[in-house]
Every structure is written in structure tokens, then in C-alpha cells.
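# A structural walkthrough
Now for the letters of each chain:
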Amino acid sequence: LGLYLLAYISIALFPFDFLVSKDEIAAQLADPNALVWAPHDLFSIRGLVSLILKTALMLPVGIAIKLIWHRSATSAILAAGALAGGIEIIQWFQHSGRAEASNAAAAMLGAAAGHQITGSLQKIILRLTPWLKAGIWLTAPLYLTALAILRGWRPGYAGRSNIEDVLASLHWMPFYYHY
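These figures come from a predicted structure and were not determined experimentally.

This brings us to the nonpolar core. By size, the foremost hydrophobic cluster in this structure holds 13 residues, and its most contacted members are Y8, M58, A80, L83, I87 and A107. Those elements that place two or more of their residues in this core are α1 (2-13), α4 (59-67), α5 (73-92) and α6 (101-117). For this core, the element with the highest residue contribution is α5, accounting for 5 residues. Beyond its immediate stretch of four places on either side in the chain, A107 contacts K54, M58, A80 and A84.

So, in C-alpha cells, the structure goes:
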């Protein structure tokens, strides 16, 4: 669980472009779009898939809280809320980040769902294993295509001049992208 949470936090905070000057932090705190209750694209396909994914990624937290620590659903909800809330606060201090309360709500829902399905988990796994083994090979190409589309990739050919222009515009200071 510790490695899972470390990976989850690392992915959530990538690209680690934290604000480093007082001016940047003041500008971020003054920006009304830096902290929102829900993203503007919440009800788009991309927004809904993002929330479903954030909910699903917290299922293991709810399961672990019930199986390992034998705690209640309330404990799972509070732990997920604290984790997601902490991540959102940290994202507030990133150049590319934006704190969204809907992410914390999705995390709490996922932990509660994970806590609730723990009792029937063995039955679910035994029933779904044959379907999952066959389905993974059928859905992997669809998943990879959808992932590329949802991340904003566009089809087409980038010529040598385009690639050189992008490379020339990059700043190579690690973990800090706003100069």
C-alpha cells in the first residue's frame, strides 16, 4: 500500500513544477481559477473519465483500511479526503496545477466504495477472472488509443522543423518549467 500511495502521489504531482518565488505564489493565490470546486469540463467525456479514474484509484485505499486496519467506512472516507485534500493543496502551489474539490470528493467516494466491496471481493474476483483474462487482450488497443486521445494527442506528422522549434523553445532546468 505504501508503494501504491507513493506512486499515486508522484503521478498526481507530476511534473513537479512548484512555484519558487514570492511573486509566483502571490499570483497563484490571487488567481480565481487556481482553486475551483469542479473543473469547467466536468461533464465532458474527458472530465467524467478523469473523475471515474480518480474514484477507481482510491478503491485500494478503502480496501486496505478495512482489511489491514479493520476500520470503518468513515475512516476510509476521512483518510482518502485527507490524502486527496493534501494533494490538491500541494497542486495549488504548482505552476501547472489547479486545486479541484471534485477530485477530493471522487477520492472519498472511491475509498468508501472500496471499503464496501471488500466483503464480496473474493467472489467478484473468481467470477471475473476468466473474463478479465480474455478481455484485457481485446481492450488494450482500445485503451491505449483512448488514453492518447484523452491526453490531447493529435494524429499527424511533425516535420523536422517543427521538432527543432519545440526543442529550441524548451528550458532544461529539471522540475521547473516557468521561466
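Between α4 and α6, the shortest axis-to-axis distance is 6 Å and the interhelical angle comes to 50°. Here α6 runs oblique to α4, going by the angle between their axes. Crossing of α4 over α6 shows right-handed handedness. Mapping the contact onto sequence places L59, G62, I63 and K66 in α4 and G110, A111, A113, G114, H115 and I117 in α6. Taken together, the residues that form the contact of α4 with α6 break down as 5 nonpolar, 4 polar and 1 charged.

Scoring rules and cut-offs
- Residues numbered from 1 in each chain as written.
- Predicted model: local features only at pLDDT ≥ 70, side-chain atom pairs only at ≥ 80, totals over all residues.
- Heavy atoms only, no water.
- Core = buried A, V, L, I, M, F, W, Y, C linked by side-chain atoms within 4.5 Å.
- Buried < 20%, exposed > 50% of the residue type's maximum accessible area, 1.4 Å probe, protein only.
- Helix = DSSP H or I, 4+ residues; strand = E, 2+ residues; numbered from the N terminus.
- Contact = heavy atoms within 4.5 Å.
- Axes fitted to C-alpha atoms, helices over the stretch in contact; angles between N-to-C directions.
- Parallel < 35°, antiparallel > 145°, perpendicular 65-115°, else oblique.
- Left-handed = near helix turned anticlockwise from the far one by under 90°.
- Nonpolar A, V, L, I, M, F, W, Y, C, P; charged D, E, K, R; others polar.

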